[in-house]
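An overview of the molecular structure
So you can see what is in the structure, the chains are spelled out below.
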Amino acid sequence: QVQLIESGGGLVQAGGSLRVSCAASGRTFSNYAMGWFRQAPGKERQFVATITRSGSFTQYADAVAGRFTISRDNAKNTVYLQMNSLKPEDTAVYYCAAGTYSGAIEGGYDYWGQGTQVTVSS
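The paragraphs below set out a description of the structure included in this document. (Residues numbered from 1 in each chain as written. Predicted model: local features only at pLDDT ≥ 70, side-chain atom pairs only at ≥ 80, totals over all residues. Heavy atoms only, no water.)

**A look at the side chain of Glu-6**
Under the convention used in this document: The helix count covers DSSP runs of H or I at least four residues long, the strand count covers runs of E at least two residues long, and both are numbered beginning at the N terminus. Residue exposure (1.4 Å probe, protein chains only): buried if accessible area is under 20% of the type maximum, exposed if over 50%, otherwise partly exposed. Charge convention: Lys and Arg are scored as positive, Asp and Glu as negative, and His as well as the terminal groups of each chain are ignored. Whenever a carboxyl oxygen of Asp or Glu lies within 4 Å of a side-chain nitrogen of Lys or Arg, that contact is scored as a salt bridge. A 3.5 Å cut-off defines polar contacts: any pair of N or O atoms within that distance qualifies, except that in protein one atom must be a possible hydrogen donor and the other a possible acceptor, and neighbouring residues in sequence count only when both atoms are side-chain atoms. Any two residues whose heavy atoms approach within 4.5 Å at even a single point are treated as in contact.
Assignment of secondary structure puts Glu-6 in strand S1 (residues 4–7). It turns out Glu-6 is buried and unbridged, and the closest side chain with the opposite charge, Arg-45, is 7.7 Å from it. Of note is the side chain of Glu-6, whose polar atom sits 2.8 Å from the backbone nitrogen of Cys-96. When residues no more than four places from it in sequence are discounted, the contact partners of Glu-6 are Ser-21, Cys-22, Trp-36, Tyr-94, Tyr-95, Cys-96, Gly-113, Gln-114, Gly-115 and Thr-116.

Below, the structure is given as structure tokens:
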């Protein structure tokens, strides 16, 4: 059982940066791969990034590769998403998720946070 709470969302100008965080209240955080997904109004939830249990491997959606960085601090039970060079099309609710395996498919994750809103103005 894992409880996930996202934070750090807000308003930012295009070209700016923002870091969102996901804190896990459950134990054995290091046993879970973590992922970030996002969902804009009227659209399906979309894969953003994922990271393995130890943080040794990461994967990104093409739309964010080179601009976003996922990382984790197992001592703090927290995963981060650093977002640079933000674009208006990055505007969405960002969700973190925990699962047995890392990957781009949301069905592979077992636990989800409530989401944090990121809005990028033009």
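And the narrative resumes.
**Description of the nonpolar core**
Soluble globular proteins tend to pack their nonpolar side chains together in the buried interior. For the record, the criterion: Definition used in this section: a nonpolar core is a set of buried Ala, Val, Leu, Ile, Met, Phe, Trp, Tyr and Cys residues joined via side-chain atoms within 4.5 Å.
If you look at the biggest cluster of nonpolar residues, it comprises 33 residues, and the most contacted ones within it are Met-34, Trp-36, Leu-81, Met-83 and Tyr-94. Residue assignment for this core shows that the elements contributing at least two residues are strand S3 (18–24), strand S4 (33–39), strand S5 (46–51), strand S7 (68–73), strand S8 (78–83), strand S9 (92–99) and strand S11 (116–121). Considering every element that reaches this core, the biggest residue donor is S9, with five residues.

**Some points on unusual backbone geometry**
Within the chain, Asn-77 stands out as a residue other than glycine whose phi angle is a positive 55°. Checked against the element boundaries, Asn-77 lands in the loop between S7 and S8.

**Some words on the sheet that holds S8**
Note the cut-off: Here, any two strands with at least 2 DSSP bridges between them count as paired. Every axis corresponds to a line fitted to the C-alpha atoms, with the helix fit spanning only the stretch in contact, and the corresponding angles, defined between N-to-C directions, vary from 0 to 180 degrees.
Spatial ordering of the open sheet is given by S1-S3-S8-S7, a layout of four strands whose pairing is antiparallel. With partners counted over all chains shown, the strands left at the sheet margins are S1 and S7, one partner each. Neighbour-to-neighbour, the strand axes of the sheet open up by a mean angle of 15°, direction not taken into account.

**Re the packing of aromatic side chains**
Put simply, the rule reads: Whether two aromatic rings pair depends on their centres lying within 6.5 Å, for rings of Phe, Tyr and Trp, where Trp uses its six-membered ring; planes under 30 degrees apart make the pair stacked, over 60 edge-to-face, and the rest tilted. Counting as a charge over the ring demands two things of the Lys NZ or Arg CZ atom: a distance within 6 Å of the ring centre and an angle within 35 degrees of the ring normal.
Overall, the coordinates contain five aromatic pairs when judged by the stated rule. The interplanar angle of 70° and the centroid separation of 5.7 Å between the aromatic rings of Phe-37 and Phe-47 together place this pair among those described as edge-to-face. Taken as a pair, Phe-37 in strand S4 and Phe-47 in strand S5 lie far apart in primary sequence, ten residues in all. Owing to a relative accessible area of 12%, Phe-47 belongs among the buried residues under this scheme. Here Phe-37 and Tyr-109 contribute two aromatic rings whose centre-to-centre distance is 5.3 Å and whose plane-to-plane angle is 80°, an arrangement assigned as edge-to-face. Here the residue Phe-37 occupies a position in strand S4, and Tyr-109 occupies one in strand S10 (residues 109–112), the gap between them amounting to 72 residues. A single burial state applies to Phe-37 and to Tyr-109, both of which are buried. Here the aromatic cluster, defined as three or more aromatic residues joined through ring pairs, consists of Phe-37, Phe-47, Tyr-109 and Trp-112. The ring of Tyr-95 carries Arg-45 above its face, with NZ or CZ at 5.2 Å from the centroid.

**Thoughts on the environment of Ser-30**
Following the sequence through the fold, Ser-30 ends up in the loop between S3 and S4. Measuring from C-alpha to C-alpha, the distance between Ser-30 and Val-12 comes to 31 Å, with 18 residues separating the pair along the chain. What Ser-30 contacts, discounting residues up to four positions off in sequence, is Arg-53, Arg-72 and Asn-74.

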